[in-house]
Amino acid sequence: MSSNTQQFSLEQVQEQIRYDEAGLVPAIIQDATTRKVLMMAYMNEESLKRSIETGETWFWSRSRQELWNKGATSGNTQRIVSASYDCDGDTLLFLVHPKGPACHTGEETCFYRGIAVPGQEQSAEGRHRFAVLEELEQVIAEREKERPEGAYTTYLFDKGVDKILKKVGEETAETIIAAKNKDNDELRLEVSDLIYHLLVLLQERKLPLDDIMAELDRRHERPRRD
């Protein structure tokens, strides 16, 4: 099955969206960089139209019964990177670059209150084997945004791409040496350092890890030549 996202015009989309009896459809807003779900709100035909046309999120307030542009008063706007909708046409998904927190409480995301699940800390069953890469990508993105003093990742971003590239080169050389020495303990450490610095480089270049995974997926689907 194809993993490519189909593209439709706004007019085509409006015909396919299944608005509820109040003329609304839920819209999930997700940070395009960290992949955190920031909020869920409702859109009607007009707010969806304005969101696509302006490149910023617009919603319909059920309490005030009016359109509202996210961040119009607070300054915490959301620049739309991509928009899509699910197979049933009853939920929208927007990837955005947020300017400031999404929640009215001042929290980065409206989903800041967790629910304790029995055994979740004791068991890693069901955890994706590459989940740590996703988590590390999120942490690195947060470090770039917040620049906490004293953090090594902050130091790398402050120094810029040349410093990051230098570290990638150094870790690559050390990985090669560890492999040549047939020292798997050393190799494990050096590869971990290399992957970390590569993720910092991807963040500096604003190239999501998902794009790398998609490229690998495309290569896997090509006919083998061996």
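Everything below is about the structure shown above.
Report on the accompanying structure.

Rules and cut-offs
Residues numbered from 1 in each chain as written. Predicted model: local features only at pLDDT ≥ 70, side-chain atom pairs only at ≥ 80, totals over all residues. Heavy atoms only, no water. Pairing = 2+ DSSP bridges. Helix = DSSP H or I, 4+ residues; strand = E, 2+ residues; numbered from the N terminus. Axes fitted to C-alpha atoms, helices over the stretch in contact; angles between N-to-C directions. Salt bridge = Lys/Arg side-chain N within 4 Å of Asp/Glu carboxyl O. Buried < 20%, exposed > 50% of the residue type's maximum accessible area, 1.4 Å probe, protein only. Core = buried A, V, L, I, M, F, W, Y, C linked by side-chain atoms within 4.5 Å. Contact = heavy atoms within 4.5 Å. Disulfide = S-S within 2.5 Å. Polar contact = N/O pair within 3.5 Å; in protein donor to acceptor, adjacent residues only side chain to side chain.

## Examining the sheet that holds strand β5 (residues 78-85)
Link 1 in the chain: The mixed open sheet is built from 4 strands, whose spatial order is β2-β1-β6-β5. Two strands bound the open sheet, and with one partner strand each, they are β2 (37-43) and β5. The mean inter-strand angle of the sheet, taken between neighbouring strand axes irrespective of direction, is 25°.

## As for the pattern of salt bridges
Link 1 in the chain: Inspection of the entire model under this criterion finds 14 salt bridges.
Link 2 in the chain: Notably, a salt bridge pairs Asp210 with Arg35, separated by 2.9 Å at the nearest N-O pair. Of this pair, Asp210 sits in helix α7 (residues 209-221) while Arg35 sits in the loop between β1 (25-31) and β2, and the two are 175 residues apart along the sequence.
Link 3 in the chain: Overall, the relative accessible area of 39% leaves Asp210 in the partly exposed class.
Link 4 in the chain: Glu170 is paired through a salt bridge with Lys167; the nearest N and O atoms lie 3.2 Å apart. A residue pair is termed a helical-turn pair when its members lie 3 or 4 positions apart in one helix, as Glu170 and Lys167 do in helix α5 (residues 161-180) at 3 residues.
Link 5 in the chain: On the accessibility criterion, Lys167 (15% relative accessible area) is buried.
Link 6 in the chain: Each of the salt bridges in this network shares a partner with another, and the network as a whole consists of Lys36, Glu108 and Glu142.

## Focus: the nonpolar core
Link 1 in the chain: Met43, Leu48, Leu92 and Phe94 are the most contacted members of the largest nonpolar core, which totals 18 residues.
Link 2 in the chain: At the level of elements, α1 (10-16), β1, β2 and β6 (92-98) are the ones that each hand at least two residues to this core.
Link 3 in the chain: Considering each element in turn, this core owes the most residues, 4 residues, to β2.
Link 4 in the chain: Ignoring anything within four residues of it in the chain, the contact list for Leu48 reads Leu10, Val13, Gln14, Ile17, Tyr19, Met43, Leu92 and Phe94.

## What to know about the pairing of strand β4 (residues 66-69)
Link 1 in the chain: Strand direction decides the pairing type here: strand β3 (residues 58-61) and β4, joined by 4 bridges, are antiparallel. When the sheet's bridge partners are listed, Ser61 is paired in β4 with Glu66.
Link 2 in the chain: Counted between consecutive antiparallel strands, the loop separating β3 from β4 contains 4 residues, among which Gln65 sits at a positive phi close to 55°.

## Quick look at the pairing of β2
Link 1 in the chain: Burial analysis of β2 places 5 of its 7 residues in the buried class, the great majority of the element.
Link 2 in the chain: Between the antiparallel neighbours β1 and β2 lie 5 residues, among them Arg35 with a positive phi of about 70°.

## A closer look at the state of the cysteines
Among covalent bonds in proteins, the disulfide is the one between the sulfur atoms of two cysteines.
Link 1 in the chain: All told, the structure shown has 0 disulfides when counted by the stated rule.
Link 2 in the chain: We note that Cys110 lacks a disulfide partner, and the nearest cysteine sulfur, in Cys103, lies 4.0 Å from it.

## Quick look at the side chain of Thr154
Link 1 in the chain: For Thr154, the location among the structural elements is in helix α4 (residues 152-159).
Link 2 in the chain: Overall, the relative accessible area of 5% leaves Thr154 in the buried class.
Link 3 in the chain: Here the side chain of Thr154 touches Pro148 through a polar contact of 2.9 Å, landing on its backbone oxygen.
Link 4 in the chain: Look past the residues within four positions of Thr154 in its chain and what remains in contact with it is Arg143, Arg147 and Pro148.

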